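Summary of structural features
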Amino acid sequence: MAIYVRRIIAATCVLFVAGCETDELAVYKDSVVSKEAAKAFVGVYQVRDWPDDEKPESISVTEKDGELRFSYSVPDKKYEVRFVLSKIPNSKKDLYLLSIPAQAETNQANLFFVGQADKDQTNIWVVSSNMAVAEGHLGFQDGKAKAGDVKMFLAKHADAFVAANEPQVKLKHDNE
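Source: prediction; values computed, not measured. (Residues numbered from 1 in each chain as written. Predicted model: local features only at pLDDT ≥ 70, side-chain atom pairs only at ≥ 80, totals over all residues. Heavy atoms only, no water.)

**Regarding the overall build of the protein chain**
Stated formally: Numbering of helices and strands starts at the N terminus; helices are DSSP runs of H or I of at least 4 residues and strands are runs of E of at least 2. It only takes one pair of heavy atoms within 4.5 Å for two residues to be counted as in contact. Only the protein chains shown count as covering a residue, and every accessible area follows the Shrake-Rupley method with a 1.4 Å probe.
Each helix and strand in the protein chain was counted, giving three helices and 10 strands. Put simply, 61% of the contacts in the protein chain that link residues at least 6 apart link residues at least 24 apart. In the structure as shown, the protein chain presents an accessible area of about 8,800 Å², 44% of it carried by carbon and sulfur atoms.

Okay, here's the thing in structure tokens:
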């Protein structure tokens, strides 16, 4: 399972430009991937689908000073961003909340995404209020959602959300 989860982590880097903002960092504190477990998620991932024209070829996930980080390059830009991964409670589809704390690379915004990994591929979803299932259940004020509302929405509706919406990012672990 740890191998599959690390694919989710790598996918986060793709979305920070188009991701959903929260007022505070949205994390399920009881299910955060531990420092020791995070080491299993380190690796290089091939980018299959990407929501932007500047698609990187790969994404690298590293552990630095006890924190997970992802990095990738596109023409004239290189990104390195720290993130937190926590399991979404009540998910029967083994979904994870991918959270990026406010930092310079994310224009000081707290961002969140939903991730799912299987043995071959990782999928990442951006969540916006006008998407199927989220519409009417999750609101954004001034472009931001409340972290508590995001966690409550995902705990209740994450499985239905991913079933009703296509992922924006698809990654494959580079086993070579």
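From this point, the discussion proceeds with the structure in view.
**Structural notes on unusual backbone geometry**
Within the chain, D76 stands out as a residue other than glycine whose phi angle is a positive 65 degrees. Examined against the element boundaries, D76 turns out to sit in the loop between β4 (67–74) and β5 (77–87). Within the chain, D142 stands out as a residue other than glycine whose phi angle is a positive 55 degrees. When you line up the elements, D142 lands in the loop between β8 (122–125) and β9 (144–145).

**Some words on the layout of surface pockets**
Going by this rule: Points on a 1 Å grid, built from protein atoms alone, make a cavity when a 1.4 Å probe fits but cannot get out and make a pocket when they are open with protein on both sides within 12 Å along at least 5 of 7 lines; residues with an atom within 4 Å of a point are the lining residues. Grid points are joined across faces, edges and corners, and a volume is the space filled by probe spheres set on the points. Three classes are used: nonpolar for Ala, Val, Leu, Ile, Met, Phe, Trp, Tyr, Cys and Pro, charged for Asp, Glu, Lys and Arg, and polar for all others, with Gly counted as polar.
Volume-wise, the largest pocket comes out at about 170 Å³. Elements with a contribution of two residues or more to the lining of the largest pocket: α2 (35–38), β4 and β5. Among the elements that make up the lining of the largest pocket, the one with the highest residue count is β5 (four residues). Class assignment of the residues belonging to the lining of the largest pocket gives a composition of eight nonpolar, two polar and three charged.

**Comments concerning the side chain of S99**
Basically, it comes down to this: Pairs of N or O atoms within 3.5 Å make up the polar contacts considered here, provided that, within protein, one atom can donate a hydrogen while the other can accept it, and that residues adjacent in sequence are counted only when both atoms are side-chain atoms.
Its place among the elements puts S99 in strand β6 (residues 96–100). For S99, the side chain forms a polar contact with the main-chain oxygen of A26, separated by 2.3 Å. Contact partners of S99, with chain neighbours within four places excluded, come to L25, A26, V27, F83, V84, L111 and F112.

**Some thoughts on the pattern of salt bridges**
Proximity of charged atoms lets side chains of opposite charge pair with each other. Condition: A carboxyl oxygen of Asp or Glu within 4 Å of a side-chain nitrogen of Lys or Arg is what we treat as a salt bridge. Partly exposed residues are those whose accessible area sits between 20% and 50% of the maximum for their type, while under 20% is buried and over 50% is exposed, using a 1.4 Å probe and protein chains only.
Evaluation of the coordinates by the stated rule reveals four salt bridges. For K170, the salt bridge is made with D49, and the minimal N-O distance between the two is 3.9 Å. Here K170, found in strand β10 (residues 169–173), pairs with D49, found in strand β2 (residues 43–49); they are 121 residues apart in sequence, far enough to count as distant. Residue classification places K170 among the partly exposed positions, given a relative accessible area of 22%. Under the relative-accessibility criterion, D49 is labelled partly exposed at 35%. Between D94 and K87 there is a salt bridge whose closest N-O contact spans 3.1 Å.

**Quick word on the nonpolar core**
It is characteristic of soluble globular proteins that their nonpolar side chains tend to be buried jointly. Using the following cut-off: To qualify as a nonpolar core, a set must consist of buried Ala, Val, Leu, Ile, Met, Phe, Trp, Tyr and Cys residues joined through side-chain atoms within 4.5 Å.
Grouped together as the largest cluster of nonpolar side chains are 48 residues, with contacts concentrated most on F70, I88, V114, V127, L154 and F161. By residue number, the principal contributor to this core is helix α3 (residues 147–164), which donates eight residues.

**Here we look at the pairing of β6**
Across a regular strand the side chains alternate sides, sitting on one face of the sheet and then on the other. Convention followed: By the convention used here, strands pair only if DSSP detects at least 2 bridges between them.
Summarising burial for β6: five of the five residues are buried, a large majority. Residues Y96, L98 and I100 of β6 are buried on one face, and the alternating residues L97 and S99, pointing to the opposite face, are buried as well. With four bridges connecting them, β5 and β6 associate as antiparallel partners. Considered in β6, the bridge of V84 is made with S99. For β6 and strand β7 (residues 110–117), the ladder comprises five bridges, and the chain directions are antiparallel. The partner of Y96 across the bridge, within β7, is G115.

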